[in-house]
Amino acid sequence: MYSSSIFEGNLHDFADQEPQRAPIGIFDSGVGGLTVLRQLYRQLPNESIIYFGDTARVPYGIRSKAEIIQFMREILTWMEKQGVKMVVMACNTSSALALETVSEEFSLPILDIILPGARAAVQQGRRIGVIATPATAKSNAYKHAILEIDPNVQVWQVGCPEFVPLIEQNRIHDPYTAEVARAYLEPLLEKEIDTLVHGCTHYPHLTPVLRSLLSSQVQLIDPAVHVVAACAQELDLLGLRNTHPPLPTRFAVSGCPQQFSQSGLQWLGYTPMVEEVCFTDTAISQLQ
Ligand code: DGL
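Numbering of residues starts from 1 in every chain and runs along the sequence as written. Owing to the predicted nature of the model, reporting of local features is limited to residues with pLDDT of at least 70; listing and counting of side-chain atom pairs is limited to 80 or more, with chain, interface and lining totals taken over all residues. Based on all heavy atoms of the structure, the side-chain values leave hydrogens and waters out of the count.

(A) Structural detail: the packing of helix 2 (residues 34–43) against helix 12 (residues 223–238). Here an axis means a line fitted to C-alpha atoms, over the contact stretch when the element is a helix, while the angle between two N-to-C directions is reported on a 0 to 180 degree scale. Secondary structure elements are taken from DSSP: a helix is a run of H or I of four residues or more, a strand is a run of E of two residues or more, and numbering for both begins at the N terminus. In the contact formed by helix 2 and helix 12, the axes pass within 9 Å of each other and the chain directions differ by 50 degrees. Between helix 2 and helix 12, the crossing angle belongs to the class labelled oblique. When you trace helix 2 past helix 12, the crossing you get is right-handed. Across the interface between the two elements, Thr-35, Val-36, Gln-39, Leu-40 and Gln-43 from helix 2 touch Ala-224, Val-225, Val-227, Val-228, Ala-229 and Cys-231 from helix 12. For the contact of helix 2 with helix 12, a count of residues per class yields eight nonpolar, three polar and no charged. The labels follow the angle: roughly parallel below 35 degrees, roughly antiparallel above 145, roughly perpendicular from 65 to 115, and oblique for the rest. By definition, any crossing whose near helix is turned counterclockwise from its far helix by less than a right angle is left-handed, and any crossing with a clockwise turn is right-handed. Whether two residues touch is decided by their heavy atoms; if any such pair falls within 4.5 Å, the residues are in contact. Nonpolar residues are Ala, Val, Leu, Ile, Met, Phe, Trp, Tyr, Cys and Pro. Charged residues are Asp, Glu, Lys and Arg, and all others, Gly as well, are polar.

As structure tokens, this is what we get:
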């Protein structure tokens, strides 16, 4: 099912003999999950991590639920094969569309990013704006999660189809990106939001642009901070926290490793070594 070189059969011994030392798996469609990875480095510096970016199939935010579920099955099967002890969904679109289905199919603990983000939002504000991919916005996953926690707050969501391609193309400081951001924020500013949730893990990369368009009264919520805090709690609960020094982070992508490695530098501060992983060629080629 896969072609992968150095990753096969390496961390399984840890998983079998000392499960605490097994890595945490995180994945996204591309560079968005790096915002979660940075939080893992900050909050859980002893954990070894495997990062997967599905760059051959980015963006996820315009895909159907059936496609996302199929991608999740492939990624989680691969993660399981790498011997990970836990998976953090560093992708809101996957959490919104596929988590419920796939979490029943895998015995791994799989952490959702939306609920921790929703909890943090209601702690901050009463008039909450959510910017997300079109698929996440359409699913109403944030709205439902927020209103379930506190039915007295108000929530408005905006799908932002142009953001992920602009971020993946590294056009963050392009004036066009600021124009697009202004248009997406306009309906939320009209509602006088006091809190804005990054409902896609790519968007914290845009914080300087968004911040320049928002009043200082508006709190920005990055769910990455909160999903990693939830991950720490879960590790403690399961007795899986690593106390040994971590292994270097391993990176794998389904697209071009060199391209990911180059864009990784600016977000990580080092140039990651990146491996290519191919899931079933038919699954990828059928969808492109
Ligand atoms: N970063 C992901 C998310 O949080 C996926 C974005 C995309 O590929 O459209 O939704």
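There is more to say after this.
(B) Quick peek at the site of the ligand. Consider each residue's heavy atoms; a residue with any of them within 4 Å of a molecule or strand counts as near. Lining the immediate surroundings of the ligand are 14 residues, of which Ser-29, Tyr-60, Gly-61, Thr-93 and His-202 lie closest. Polar contact is defined as a pair of N or O atoms within 3.5 Å, subject to the rule that within protein one atom must be able to donate a hydrogen and the other to accept it, and that residues adjacent in sequence are counted only when both atoms are side-chain atoms. Between an oxygen atom of the ligand and a main-chain N or O atom of Gly-61, the distance comes to 2.8 Å. Here a nitrogen atom of the ligand and a side-chain polar atom of His-202 are 2.8 Å apart. Protein burial of the ligand: of its 300 Å² of free accessible surface, 99% is covered by the chains. Throughout, the Shrake-Rupley method with a 1.4 Å probe supplies accessible areas, and for residues the shown protein chains are the sole cover considered.

(C) Fine view of the sheet that holds strand 6 (residues 154–159). Here, strands pair whenever DSSP counts at least two bridges between them. With respect to topology, four strands assemble into an open sheet ordered 6-5-7-8, the strand pairing being parallel. Taken across any chain shown, the strands that pair with only one partner, and hence form the sheet edges, are strand 6 and strand 8 (219–221). Each neighbouring strand pair of the sheet contributes to a mean axis angle of 20 degrees, computed without reference to strand direction. Across four bridges, strand 5 (residues 127–132) lies against strand 7 (residues 195–198) in parallel orientation. What sits directly across from Gly-129, in strand 7, is Leu-196. Relative to strand 6, helix 10 (residues 175–190) is tilted by about 165 degrees, and along the sheet it contacts strand 5, strand 6 and strand 7.

(D) Representation of the side chain of Glu-74 within the structure. Among the structural elements, Glu-74 can be located in helix 3 (residues 65–81). Glu-74 gets classed as buried once you look at its relative accessible area, which sits at 1%. Polar contacts involving the side chain of Glu-74 include one to the side chain of Arg-57, which spans 2.8 Å. Polar side-chain contacts of Glu-74 include one of 3.0 Å to the side chain of Gln-70. Three labels apply to residues, based on accessible area from a 1.4 Å probe with only protein chains included: buried if under 20% of the type maximum, exposed if over 50%, partly exposed otherwise in between.

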